[in-house]
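Secondary and tertiary structure notes
Now for the letters of each chain:
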Amino acid sequence: MSITEFPGLPLFDSAKHFNQIPRNAVFPDQAPAVEAFVLGIAVDGALDDYRYTKDFLSSYSKKSQDTYEKFRGDAERLLLWAWLIKRKSIVELRRRDLEEYTDFVASPDPRWQTKTLERRFATVNGLREPNRNWRPFRAAGAGKGRLNTKSWQGLFSNLSVFFNYLMAEDYAPGNQVPIVKKNCPYLRQETGINTARRLSELQWEYLLSSAKSLAAADPQHERTLFVIATLKSLKLRISELSERPNWLPVMSHFHRDHEGNWWFRAYGKGSKERDVSISNEYIGFLQRYRIHRGLPPLPSKDSAEPVIESRVKNRGIGSRQLRNIVEVALNEGCHSLITDGFDVEASELRAATTHWLRHTGASMEVAAGRNLAHVQADLGHGSIRTTDELYVDSDNMERASSAKGQEV
């Protein structure tokens, strides 16, 4: 795909760089290419579209990086589509336009897609230059890039919040998103059994073995092995292991209580901290990784090193980098499964994401008989019902059991 085929570029940087924009400034001084692009759009109102969207995202960028990124992605894609395809300001979009947009999201123009995660911007000579290989959508394939029901619900929810904000600012005349959502052919009401997407015992065995092989062949992949083991064993969300504007996981977040039990202090959804219990086997992975980094085998309360180190000293890494690390291990695991004749298992593993590791860790602990309330506390679920529905679903298990004895 030629990099000149897509006429747009990313509009908003990571939360870290976005938060450096002065409150009264419209464009970041470090990104002149974005300013030139927006000012060059032959659409009346494009500048105001950008300004109001920037103000909208400002209210989320400092509180939660994940929320900021979700709103940024949906708002940015809509802006680019409205400007480049409909040649309209977003406040001129009506119901029919938004219905066309949902069709576009369901099947994006290939020129708007990329097969891999791409960095939005890179620092070049002190400026934030857009990555010309970046695209608004990720190409569908092996389960990636396709929107499921939950994704569609998130899209409509985010756009509705966006338009409500524009209405409150007297910029948009109305919000047609709820009507479009109601009639959307891609949004299905799912009433089936809700099961967590997780790896099988075989898939996890191959993934972990592949990560170990990568580390044995190249010491740089000690980090890959540690990331895989940590996300699964501690059942973390990707954001809980990555550096964010208000959070940097450091080694002192591993701590030992007075009885010798080890815990990890995680900062999760809703700005809530929790302590995750740690198994004895996982401590071996922690020691191995710290020794690789030239650190003492176990951290102390004063250990300020980032849990996952970046190439920049004393800095952590972002969620995009973590996903890329996991994807390397997933690809290696798929290759090993295929080599040993497990083609179906490899096909399923290709669809896995980083969040599957969290589900895998929790599911395996529940299957091994661990107390459900203890798993709930480690996951950070507000209700044990959430944990039960995802990993046990006792009501449906009882329903299935009562059905087995019925005669035909």
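Described below are features of the structure shown in this document. Because the structure is predicted, anything quoted here is derived from the model rather than measured.

Criteria and thresholds
Residues numbered from 1 in each chain as written. Predicted model: local features only at pLDDT ≥ 70, side-chain atom pairs only at ≥ 80, totals over all residues. Heavy atoms only, no water. Helix = DSSP H or I, 4+ residues; strand = E, 2+ residues; numbered from the N terminus. Rg over C-alpha atoms; globule rule 2.2 N^0.38 Å. Buried < 20%, exposed > 50% of the residue type's maximum accessible area, 1.4 Å probe, protein only. Lys, Arg positive; Asp, Glu negative; His and termini not counted. Charge placed at Lys NZ, Arg CZ, Asp CG, Glu CD. Pairing = 2+ DSSP bridges. Axes fitted to C-alpha atoms, helices over the stretch in contact; angles between N-to-C directions. Salt bridge = Lys/Arg side-chain N within 4 Å of Asp/Glu carboxyl O. Core = buried A, V, L, I, M, F, W, Y, C linked by side-chain atoms within 4.5 Å. Phe/Tyr/Trp six-rings, centres within 6.5 Å; stacked < 30°, edge-to-face > 60°.

**Considerations on the overall build of the protein chain**
In terms of regular secondary structure, the protein chain is built from 16 helices and seven strands. In terms of overall size, the protein chain behaves like a compact globule, its C-alpha atoms giving a radius of gyration of 23 Å where 408 residues would be expected to give roughly 22 Å. When each of the 408 residues of the protein chain is scored for burial, the buried share is 45%. Within the protein chain, the 51 negative side-chain charges are centred at a point lying 2 Å from the centre of the 57 positive side-chain charges.

**What about the sheet that holds strand β7 (residues 273-277)?**
Sheet architecture is open: three strands sit in the order β5-β6-β7, paired in antiparallel fashion. The sheet terminates laterally at β5 (254-256) and β7, the two strands that pair on one side only. When the angles between neighbouring strand axes are averaged without regard to direction, this sheet yields 35°. Two elements, strand β6 (residues 262-267) and β7, share five bridges in a ladder whose sense is antiparallel. When the bridges of β7 are listed, Arg265 appears paired with Asp275.

**Brief notes about the pairing of β6**
Bridge count between β5 and β6: three bridges; the pairing is antiparallel. Looking at β6, one finds that Phe254 is bridged to Phe264. Linking β5 back to β6 in an antiparallel pair, the connection comprises five residues, with Gly260 at a positive phi of about 90°. Linking β6 back to β7 in an antiparallel pair, the connection comprises five residues, with Gly270 at a positive phi of about 70°.

**Some details on the pattern of salt bridges**
Tallied over the full model, the rule gives 21 salt bridges. Residue Arg111 pairs with Asp109 through a salt bridge whose shortest N-O separation is 2.8 Å. Taking the shortest distance from any N to any O, the salt bridge between Arg274 and Glu240 comes out at 2.8 Å. Of this pair, Arg274 sits in strand β7 while Glu240 sits in the loop between α9 (222-233) and β5; the two residues are 34 residues apart in sequence, bridging distant segments of the chain. A single salt-bridge network, built from bridges that share partners, covers Lys86, Lys88, Asp97 and Glu100.

**Re the nonpolar core**
Within the largest apolar cluster, 53 residues are counted, with the highest numbers of intra-cluster contacts made by Leu11, Phe37, Leu78, Trp83 and Ile90. For this core, the elements supplying multiple residues, two or more each, are α1 (15-18), α2 (32-40), α3 (46-61), α4 (65-86), α5 (95-106), α6 (149-168) and α7 (177-182). Among the elements that line this core, the one with the most residues is α4, at 10 residues.

**Here's the deal with the packing of aromatic side chains**
Summed over the entire model, instances satisfying the criterion amount to 24 aromatic pairs. A centroid spacing of 4.4 Å and a plane angle of 35° characterise the contact between Tyr60 and Phe71, whose relative ring orientation is tilted. Of this pair, Tyr60 sits in helix α3 while Phe71 sits in helix α4, and the two are 11 residues apart along the sequence. The exposure class of Tyr60 is partly exposed, given its relative accessible area of 23%.

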